[in-house]
Each structure stands twice: as structure tokens, then as C-alpha cells.
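The primary structure of each chain is shown beneath.
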Amino acid sequence: MESKVKHTKTSNQTDHTFTVEETLDMISKIQSHTLLWNKQDPQYKDVIRQDHVWQELASEIGVPMILLKEKWQNLRSTFRKNHAKVKSSMQTGANSKDIFVPHWYAYEAMQFLSENLSVGKTIDTVMYRN
């Protein structure tokens, strides 16, 4: 029987397993640097400045920058999925016991991202008839 190898996108750097405490500390540090996550920050599109901040954080935390960025990307993705489940369960008329409650350890710490996940301006295409 032939075994299948699962290929994943990982960095060529040494792997690092983040503890819960390290992850929550990393989230807090990233939150304080709005140019890394807030599209309204004037420096958000300044890639050079962003790389500089990522490098500072990586040195401070003690991991290669690529691993830090990969971890952040994974955290953001998990947060978005959990946040979408919460929002979709909060339909009009939904009972409070039907609302999805995430049990992921980093969900509350990443609530600052929820303002960036809101839907932009929409246009109502339904025509109302008198």
C-alpha cells in the first residue's frame, strides 16, 4: 500500500510551535501596530514600513519573520471563519441559544479585527411596489 505525503505550504526556516501564551502575546503586539491589519491606517499600504515592523516583532518574539507572518495569516483565517459563523447564526428571529459561540482560545483577543470584516456599502436591488 502506497502512503500519501501531504504537502503543505511552510517556510524553509526552522518550525516553531507557538504556545497559547506566545500566541496571545503575539496578537497583542500585532494589535498595537495598526499598519499590519487596519486598512484605514495611512501606512497600511507601505510595504517597506510593514516589513520593518514585522522584522522588529520577529526579533522581539524570537522567531523568523516568515514564521510570524504565516502564524498571523493562519490566525486571521481562523478568526474570519469563526466570526462568519457567529454573524450567520445571528439571523433575525434567532433564539439566543442558536447563536454560535466560538470556543477558540484566540477569538476574543482578535475581536479588534471585526471592524475590518464588516461588509462595505451595499445597494438594495429589491424594488418596492406600492
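Check the entry above for the structure.
Below, the structure is looked at part by part. Here the residue index of a chain counts from 1 through its sequence in written order. Local features in a predicted model are, by the rule used here, given only for residues with pLDDT of at least 70; side-chain atom pairs are given and counted only at 80 or more, and totals for whole chains, interfaces and linings are based on all residues. With hydrogens and water stripped out, all remaining heavy atoms of the structure feed into the side-chain values.

### Considering the layout of surface pockets
Thought 1: If you add up the space inside the largest pocket, you get close to 320 Å³.
Thought 2: Element by element, the count of residues in the lining of the largest pocket is highest for helix 3 (residues 65–89), at 6 residues.
Thought 3: Amino acids outside the nonpolar list (Ala, Val, Leu, Ile, Met, Phe, Trp, Tyr, Cys, Pro) and the charged list (Asp, Glu, Lys, Arg) are all regarded as polar, and Gly is one of them. A breakdown of the residues in the lining of the largest pocket according to their chemical character gives 8 nonpolar, 3 polar and 4 charged. Buriedness of a pocket was judged along seven lines, with at least five required to meet protein on both sides within 12 Å; pockets are open sets of points on a 1 Å grid over the protein atoms alone, cavities are sets where a 1.4 Å probe fits but cannot get out, and lining residues have an atom within 4 Å of a point. Grid points are joined across faces, edges and corners, and a volume is the space filled by probe spheres set on the points. Working definition: helices are DSSP H or I runs of at least four residues, strands are E runs of at least two. Numbering for both runs from the N terminus.

### Things to note about the pattern of salt bridges
Thought 1: Every case where a carboxyl oxygen of Asp or Glu lies within 4 Å of a side-chain nitrogen of Lys or Arg is listed as a salt bridge. A complete count under the given rule lists 3 salt bridges for this structure.
Thought 2: A salt bridge links E60 to K29; the nearest nitrogen and oxygen atoms lie 2.9 Å apart. Pair noted here: E60 is in helix 2 (residues 47–61) and K29 is in helix 1 (residues 20–31), with a separation of 31 residues, a long-range link.
Thought 3: Whether a residue is buried, partly exposed or exposed follows from its accessible area with a 1.4 Å probe, protein chains only, as a fraction of its type maximum: under 20%, in between, or over 50%, in that order. Classification of E60 as exposed rests on a relative accessible area of 52%.

### Here's the deal with the packing of aromatic side chains
Aromatic rings in a pair are described by how distant their centres are and how their planes are angled relative to each other.
Thought 1: Each Phe, Tyr or Trp ring (for Trp, its six-membered ring) is paired with any other whose centre lies within 6.5 Å, and the angle between the two planes then decides the class: stacked below 30 degrees, edge-to-face above 60, tilted in between. Per the stated rule, a full pass over the model turns up 4 aromatic pairs.
Thought 2: Ring geometry for W37 and F112: centres 4.7 Å apart, planes at 70 degrees, overall edge-to-face. Taken together, the residues span a long stretch of sequence, with W37 in the loop between helix 1 and helix 2 and F112 in the segment after helix 3 at a distance of 75 residues. Both residues of the pair, W37 and F112, belong to the buried class.
Thought 3: A connected cluster of aromatic rings, assembled from ring pairs, spans W37, W72 and F112.

### A look at helix 2
Note: α-helices contain 3.6 residues per turn, so residues at a spacing of three or four share the same orientation.
Thought 1: Take the number of residues in a helix, subtract one, and multiply by 1.5 Å to get its expected span. Relative to the 21 Å expected for 15 residues at 1.5 Å per residue, helix 2 spans 21 Å between its end C-alpha atoms, a close match to the ideal helical length.
Thought 2: Burial in helix 2 covers these residues: Q50, V53, W54, L57 and A58. Considered in projection along helix 2, the buried side chains sweep an arc of 140 degrees and stay on one side of the axis. The exposed set on the far side of helix 2, more than 90 degrees from its buried face, consists of I48, S59 and E60. By construction, the arc corresponds to the directions joining the helix axis to the C-beta atoms.

### Section: a nonpolar patch on the surface
Thought 1: Exposure above 30% relative accessible area and the absence of a salt bridge qualify a residue for a patch, where like charges join within 9 Å and nonpolar side chains (Val, Leu, Ile, Met, Phe, Trp, Tyr) within 5 Å. Only the protein chains shown count as covering a residue, and every accessible area follows the Shrake-Rupley method with a 1.4 Å probe. A cluster of nonpolar side chains, contributed by V20, L24 and Y105, occupies part of the molecular surface with about 230 Å² of accessible area.
Thought 2: Within the secondary structure layout, L24 lies in helix 1.

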